[in-house]
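# Per-entry structural report
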Amino acid sequence: MTKKRKKGRIVIDRELCKGCYLCVSVCPDQLIGVSDSLNQKGYYPAEFKGNNTGEEERGCTGCATCAITCPDVAIEVYRE
Amino acid sequence: MAKKVFERPKYLKKSVFHYCPGCGHSIIHRLVAELLDELDIGKKAICVPPAGCAVLAYNYLDVDMGEAPHGRGAAVATGLKRTLPDKIVFTYQGDGDIAAIGTAETIHAANRGENITVIFVNNGVYGMTGGQMAPTTLEGQNSTTTPGGRDPARDGSPLDLSQMLAIAKGSVYIERTAVNSPKNIRRTKRAIKKAFKVQMAGLGFSLVEVLSPCPTNWKMTPVDAAKWVEEHVTKIFPLKVIKDKAGKVT
């Protein structure tokens with residue numbers, strides 16, 4: 001049995017995001033993607049792809065690496 | 001019940017940064033705001049913002065501000081700290097501001113050992129005016145005033161200001177870090193924390209040079225700019241503690 005990982009989730013503020021995608025590049029589990037609709041500023045914001053991948057290993061752990069990297073403080077992190 | 005582990009710091013106002021996507025300034029602003037809260041110095045901190053992209057720092061950091069003329073941050077901070085010695089005074093300056101226009105003020109403030117903290121954001125260009133060559137531009141790096149790359153024979157070589165300031169007797173703590181990766185961002189936060197602590201302990205001049213990407217003026221995507229810092233800028237400006245006379249400060 002594999003060790004149970006911490007469960008977490010993030011909330012990205014669509015309107016604060018400027019689409020630099022640094023969070024996409026640093027997420028250790030590639031759980032952040034790009035939205036296919038524009039925000040009011042005209043950027044395609046980053047989007048949390050969620051934990052519903054069905055695979056235990058692939059879920060968000062709430063490590064906050066994305067939030068630390070986000071220049072626009074658009075990400076909030078929650079951990080159980 | 002999920003616990004919130006990361007949110008907007010208390011000393012960062014709820015306004016949207018005017019910085020370009022992927023700019024290092026906004027990351028450094030956030031680190032400063034987090035530290036003001038952690039060290040509990042937000043109520044007695046005075047920031048001296050520069051001329052440059054970060055001139056509007058007073059729209060973001062919720063502390064007292066005293067705007068300085070271009071490059072004269074260290075001189076203004078000297079005056080503030082001498083008249084209000086119980087305040088925590090820090091300047092926030094870019095490379096064009098501190099390494100070109102304000103070189104004299106900065107060197108003499110360090111040499112006098114003024115008890116201030118300087119946050120020196122080095123992105124290698126004059127960002128606000130549109131990407132002209134700064135003293136810290138790398139050899140061969142394109143800028144609007146060095147098309148085809150900076151030529152050392154014509155334009156000189158990159159200026160290592162932190163190393164210069166380390167020679168000054170009054171400087172106590174000087175470190176160079178970067179904000180191009182999560183690891184380096186954490187390291188930058190530790191460095192700025194130590195710089196503030198050096199000032200709180202009354203030891204003297206502290207400076208943290210932060211290598212920051214400028215995707216817009218480097219004409220790169222933010223992700224590429226972060227890589228470029230790693231591959232090129234840190235080769236000329238290696239990340240290290242340049243001077244530490246303070247040792248362990250609590």
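Residues numbered from 1 in each chain as written. Chains lettered and ligands numbered in written order. Predicted model: local features only at pLDDT ≥ 70, side-chain atom pairs only at ≥ 80, totals over all residues.

Attention shifts here to the overall build of chain B. Within chain B, the secondary structure is distributed over nine helices and ten strands. Over its C-alpha atoms, taken along the principal directions, chain B stretches across nearly 50 × 50 × 30 Å. A total of 250 residues make up chain B; the buried ones form 54% of that total. By sequence separation, contacts in chain B at least 24 residues apart represent 68% of the contacts at least 6 residues apart. (Helix = DSSP H or I, 4+ residues; strand = E, 2+ residues; numbered from the N terminus. Buried ≥ 20, exposed ≤ 12 C-beta atoms within 10 Å, placed from the backbone. Contact = placed C-beta atoms within 7 Å.)

All names here are of chain B. Read from one edge to the other, the open sheet built from seven strands follows the order S3-S2-S4-S5-S9-S8-S10, with strand pairing classed as mixed. Since the sheet does not close on itself, it has two edges, and those belong to strand S3 (64–65) and strand S10 (240–244), each with one partner. Examined bridge by bridge, strand S8 (residues 171–178) and S10 share four bridges and lie antiparallel to one another. Within S10, the position partnered with Ile174 by the bridge is Lys243. The strands that helix H2 (residues 73–83) touches are strand S2 (45–48), strand S4 (88–94) and strand S5 (117–122); relative to S4, the one it contacts most, it runs at about 175°. Here helix H7 (residues 182–200) sits on the sheet in contact with S4, S5, S8 and strand S9 (205–211), set at roughly 165° to S8. (Pairing = 2+ DSSP bridges. Axes fitted to C-alpha atoms, helices over the stretch in contact; angles between N-to-C directions.)

Take H2(B) next. All names here are of chain B. Burial within H2 is extensive, with eight of its eleven residues counted as buried. If you check which residues of H2 are buried, you get Gly73, Ala74, Ala75, Val76, Ala77, Thr78, Leu80 and Lys81. Looking at the packing, one finds that the buried side of H2 touches S2, S4, helix H3 (95–101), helix H4 (103–112) and S5.

Residue and element names in this part refer to chain B. Between the first and last C-alpha of H7 there are 27 Å, a value that for 19 residues agrees with the 27 Å anticipated at 1.5 Å per step. Regarding H7, the residues found buried are Asn184, Ile185, Thr188, Lys189, Ala191, Ile192, Lys194, Ala195, Phe196, Lys197, Val198 and Gln199. Backbone geometry just downstream of H7 places Gly202 in the positive-phi region, at approximately 75°. (Expected span 1.5 Å × (residues − 1).)

What follows deals with the interface of chain B and chain A. Contact residues are listed per partner, giving 23 residues for chain B and 23 residues for chain A. Going through the elements one at a time, strand S1 (3–6), helix H1 (24–38), H7 and helix H9 (222–236) of chain B are the ones with two or more residues in the side of chain B that touches chain A. The biggest single contributor to the side of chain B that touches chain A is S1(B), with four residues. Partitioned by chemical class, the residues of the side of chain B that touches chain A number 15 nonpolar, two polar and six charged. Note that strand S4 (residues 75–79) of chain A and S1(B) share three bridges and pair antiparallel. Its bridge partner being in S1(B), Val77(A) is matched across the sheet by Phe6(B). (Nonpolar A, V, L, I, M, F, W, Y, C, P; charged D, E, K, R; others polar.)

Next up on the list: the packing of H2(B) against H4(B). Residue and element names in this part refer to chain B. Axis separation between H2 and H4 bottoms out at 7 Å; the angle between their running directions is 40°. The angle between H2 and H4 falls in the class oblique. On the side of H2, the interface is formed by Ala74, Ala75 and Thr78, while H4 contributes Glu105, Thr106 and Ala109. (Parallel < 35°, antiparallel > 145°, perpendicular 65-115°, else oblique.)

In this model, chain A carries a mean pLDDT of 86, and residues with pLDDT of at least 70 account for 84%. Averaged pLDDT values for the elements of chain A fall to 91 in strand S1 (residues 8–12) of chain A and rise to 95 in helix H2 (residues 65–69) of chain A. (pLDDT = per-residue confidence, 0-100.)

For the rest of this paragraph, the subject is the packing of H1(B) against H7(B). When two helices pack together, their arrangement is given by the angle between their axes and by how far apart the axes lie. Residue and element names in this part refer to chain B. Close contact between H1 and H7 brings their axes to 10 Å; oriented N to C, the two are set at 50°. Put simply, H1 runs oblique to H7. In this structure, the crossing between H1 and H7 has a hand that is right-handed. Within the contact between the two elements, H1 uses Ile27, Leu31, Val32 and Leu35 and H7 uses Ile185, Thr188, Lys189, Ile192, Lys193 and Phe196. For the contact of H1 with H7, the residue count by class is seven nonpolar, one polar and two charged. (Left-handed = near helix turned anticlockwise from the far one by under 90°.)

Moving on: the environment of Gly66(B). All names here are of chain B. Within the fold, Gly66 resides in the loop between S3 and H2. Distance in space between the C-alpha atoms of Gly66 and Ile46 is 7.2 Å, their sequence separation being 20 residues. Once residues lying within four places of it in the same chain are set aside, the contact partners of Gly66 are Ile46, Val48, Val76 and Leu80.

What follows concerns the sheet that holds S1(B). Taken together, three strands build an open sheet; the order of strands is S1(A)-S4(A)-S1(B) and the sheet is antiparallel. Across the chains shown, the open sheet's two edge strands, defined by having one partner strand only, are S1 of chain A together with S1 of chain B. In this sheet, neighbouring strand axes are inclined to one another by 35° on average, regardless of whether the strands run parallel or antiparallel.

Turning to unusual backbone geometry, a few remarks are in order. All names here are of chain A. The residue Ala64 is not glycine, and still its phi comes out positive at about 70°. The residue Ala64 is located in the loop between strand S3 (46–48) and H2 in this model. Here Val73, not a glycine, exhibits a phi torsion of approximately 50°, which is positive. The topology assignment puts Val73 in the loop between H2 and S4.

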